[in-house]
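Read off the chains here:
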Amino acid sequence: MGFVGGFGGTTGFRRGRALCVAPELSTGIAVGNLPRDETGRVLLKNLTRPQLDDFVTSLGEKPFRAAQLWRWMYHPESLAGTFEEMTDLSKAFRAKLENHSRVDSLTLNDTHVAKDGTRKITYKLEDGGIIESVWIPTNDRVTLCISSQLGCALNCQFCFTAKMGLRRHLSLGEIVDQVVLSKRFFDDKDEAGKRITNIVFMGMGEPLHNTENVIQATNILTSNKGLGLSHNKVTVSTSGLVPEIVRFFKESPANLAVSLNATTDEIRDWIMPINKKYNLASLLGTLKTVIPRRDDGKALKKIFFEYVLLKGVNDTMDDAKRIVKLTSGIPCKVNLISFNPHSGTEFEPSPPETMEMFSRYLASKGVRVTARASRGDDEMAACGQLGKPGDKPSPPRTKIPPMFEGKVKRGGTKKRTGRNR
């Protein structure tokens, strides 16, 4: 299937080019193989807290200065973008930091506001790549959907991001900075309903293909010494990488959402090729062994199943009945999602009445279920619409099962719900 780097939690900062590594500062004190930008400055948000402690002491400063620096970067009332803002640090220390390190890993590129108030926020990477986050307001909260990779390797057939292939993994700093910069630029500190309250890893990329950096990011987002979000307000979505799911439950405090999207291996092999490696029996069997989680204040009582309804593909009453059987014994909630069309897709969204029928049947069988409304689709900001394939060849399409020949059109429709930015 052409997956890049396997699924072992690769942490590479960029593909095809090594990090700039300078083992010594001008002080002559070794600081190890810390991630740096192209000028040799340490990228502070790529550091874990222990690494930051080591870096600060290597500058000749006392360890408590690392706690101050960490607070300036991550405390919701600070979120400093420059060292000049860090007023309780000495001028001499700030000068050292300016010479040897950098605060932000991303640069705000552009913002597109949809009719419903959803914002697609694009950020520029140091190597020129563009990633996307989505700011989704409702009456009582704001959810930020963030990316974990530039592109994606998993080639889900209904997803626009998949057409990019995988360009590279995002670093720890590039993941966390989507939250920090979005809060810095877009939070309304005077109105509770307009501040980011929830984070979902449902943007570009497969989060558990970038396991190490995603887990570290969830720990920073939920730490009382970091951004301080409740672990119940941070959710990581996966297409079903089984070994990484097991690791995630051991090391991350966040919630887990699983993109199910089919009730038979035949259909899931087609629309989600990862199923050929980890089929439904393997995926669901693993989930039964890790839920519920009860340890160290990271209790997780249920998982979320995401189910994108595709007209004539996975939206029959037989599918609804199989969902009841497949999820039996797994504490869960099923989120039904309307497919959001994009250029060239062969799929269509199920009619609203089909989603309603599907939802009613699941609820009648005791399954907790919600139907998620599309948000931001007029600006290509809805679920499955992020990214820009560009001029590079897209990954090959999977073979349509014989039973669906004639029901979907390879080459797809030109109809779209928004603009490809």
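In the block above lies the structure referred to throughout.
Residues numbered from 1 in each chain as written. Predicted model: local features only at pLDDT ≥ 70, side-chain atom pairs only at ≥ 80, totals over all residues. Heavy atoms only, no water.

This part is about the pattern of salt bridges. Between side chains of opposite charge, a pair can form as their charged atoms come close. If you walk through the whole model with that rule in mind, you get 19 salt bridges. In this structure, the salt-bridge partner of D177 is K45, at a minimum N-O distance of 3.0 Å. With D177 in helix α4 (residues 172–186) and K45 in the loop between β1 (42–43) and α1 (49–58), this pair connects stretches of sequence that are 132 residues apart. K45 carries the same exposure label as D177, and that label is buried. Linking R372 and E306 is a salt bridge whose minimum nitrogen-to-oxygen distance equals 3.6 Å. Of this pair, R372 sits in strand β14 (residues 369–372) while E306 is found in strand β12 (residues 303–309), placing the two residues 66 residues apart along the sequence. You can call R372 partly exposed: its relative accessible area is 29%. By relative accessible area, E306 is classed as buried at 5%. Each member of the salt-bridge network shares a partner with another, and the members are K45, D104, D177 and R184. (Salt bridge = Lys/Arg side-chain N within 4 Å of Asp/Glu carboxyl O. Helix = DSSP H or I, 4+ residues; strand = E, 2+ residues; numbered from the N terminus. Buried < 20%, exposed > 50% of the residue type's maximum accessible area, 1.4 Å probe, protein only.)

Moving on: helix α5 (residues 211–222). The end-to-end C-alpha distance of α5, which contains twelve residues, comes to 17 Å, matching closely the 16 Å that a straight helix rising 1.5 Å per residue would cover. Counting buried positions along α5 yields nine of twelve residues, so the element is predominantly enclosed. Regarding α5, the residues found buried are T211, N213, V214, I215, A217, T218, I220, L221 and T222. Check the buried side of α5 and you find it contacts α2 (64–74), α4, β9 (196–201), β10 (234–238) and α6 (242–251). (Expected span 1.5 Å × (residues − 1). Contact = heavy atoms within 4.5 Å.)

Before going further, it helps to spend a moment on unusual backbone geometry. Positive phi is not limited to glycine here, since L79 has a value of about 50°. Following the sequence through the fold, L79 ends up in the loop between α2 and α3 (91–100). At N155, a residue that is not glycine, the phi angle is positive and equals roughly 60°. Relative to the helices and strands, N155 is located in the loop between β7 (149–151) and β8 (166–169). Under the relative-accessibility criterion, N155 is labelled buried at 10%.

What follows deals with the sheet that holds strand β11 (residues 255–259). What the ten strands build is an open sheet, ordered β3-β4-β5-β6-β9-β10-β11-β12-β13-β14; its pairing is mixed. Since the sheet does not close on itself, it has two edges, and those belong to β3 (107–113) and β14, each with one partner. Sheet twist, expressed as the mean angle between neighbouring strand axes with direction ignored, is 25°. Most of the contacts of α4 go to strand β4 (residues 119–124), to which it runs at about 125°, and overall it touches β3, β4, β5 (130–137), β6 (142–145) and β9. (Pairing = 2+ DSSP bridges. Axes fitted to C-alpha atoms, helices over the stretch in contact; angles between N-to-C directions.)

On to α4. Structurally, the α-helix is built with 3.6 residues per turn, so residues lying three or four positions apart point the same way. Here α4 spans 21 Å end to end across 15 residues, near enough to the 21 Å set by a 1.5 Å rise per residue. The largest bend in α4 is about 30°, located at Q178. α4 sits mainly inside the fold: 13 of its 15 residues count as buried. (Bend = angle between axes of the 7 residues up to and from the residue.)

The biggest cluster of nonpolar side chains holds 116 residues, and the ones touching the most others in it are L52, F158, I199, F201, L287, F305 and L362. In terms of residues, this core owes the most to one element, α4, which gives seven residues. (Core = buried A, V, L, I, M, F, W, Y, C linked by side-chain atoms within 4.5 Å.)

Its location among the elements puts P393 in the segment after β14. Overall, the relative accessible area of 73% leaves P393 in the exposed class.

It is worth spelling out the pairing of β12 at this point. Within β12, seven of the seven residues are buried, leaving the element largely enclosed by the surrounding structure. Along β12, one buried face is formed by I303, F305, Y307 and L309 and the opposite face, lined by F304, E306 and V308, is buried too. Here three bridges tie β11 to β12, and the two strands are oriented parallel to one another. Each residue of the ladder has a partner; that of S259, found in β12, is E306. The sheet contact formed by β12 and strand β13 (residues 332–338) spans seven bridges and is parallel. When the bridges of β13 are listed, L309 appears paired with S338. The parallel pair β12 and β13 is bridged by helix α9 (residues 317–326), and the resulting crossover is right-handed. (Right-handed = clockwise from strand over helix to strand, strands pointing away.)

Looking now at the packing of aromatic side chains. Tallied over the full model, the rule gives seven aromatic pairs. Here the aromatic rings of F248 and F249 are separated by 5.9 Å at their centres, their planes lie at 85°, and the arrangement is edge-to-face. Each member of the pair, F248 as well as F249, carries the same accessibility label: buried. Here the aromatic residues W270, F339, F347 and F404 are joined through ring pairs into a cluster of three or more. Geometry around W135 places R119 over its ring, the cationic atom sitting 4.4 Å from the centre. (Phe/Tyr/Trp six-rings, centres within 6.5 Å; stacked < 30°, edge-to-face > 60°. Lys NZ or Arg CZ within 6 Å of the ring centre and 35° of its normal.)

By relative accessible area, D177 is classed as buried at 0%. At 3.0 Å, the side chain of D177 and the side chain of K45 are in polar contact. Not counting residues up to four positions away in its chain, the partners in contact with D177 are K45, V103, D104, S105, L106 and S182. (Polar contact = N/O pair within 3.5 Å; in protein donor to acceptor, adjacent residues only side chain to side chain.)

Before going further, it helps to examine the side chain of E206. Here E206 shows up in the loop between β9 and α5. Despite its burial, E206 pairs with no opposite charge; the closest candidate is R268, at 8.2 Å N-O. If sequence neighbours within four positions are ignored, E206 has contacts with S148, Q149, C152, L154, S237, T238, S239 and L241. (Lys, Arg positive; Asp, Glu negative; His and termini not counted.)

The subject of this paragraph is the packing of α1 against α2. Between α1 and α2, the least distance of the axes is 9 Å, while the angle of their chain directions is 125°. The orientation of α1 with respect to α2, classified from their angle, is oblique. Crossing geometry of α1 relative to α2 is assigned as right-handed. Contacts from R49, L52, D53 and V56 of α1 reach α2 at R65, A66, A67, L69, W70 and M73. For the contact of α1 with α2, the residue count by class is seven nonpolar, no polar and three charged. (Parallel < 35°, antiparallel > 145°, perpendicular 65-115°, else oblique. Left-handed = near helix turned anticlockwise from the far one by under 90°. Nonpolar A, V, L, I, M, F, W, Y, C, P; charged D, E, K, R; others polar.)

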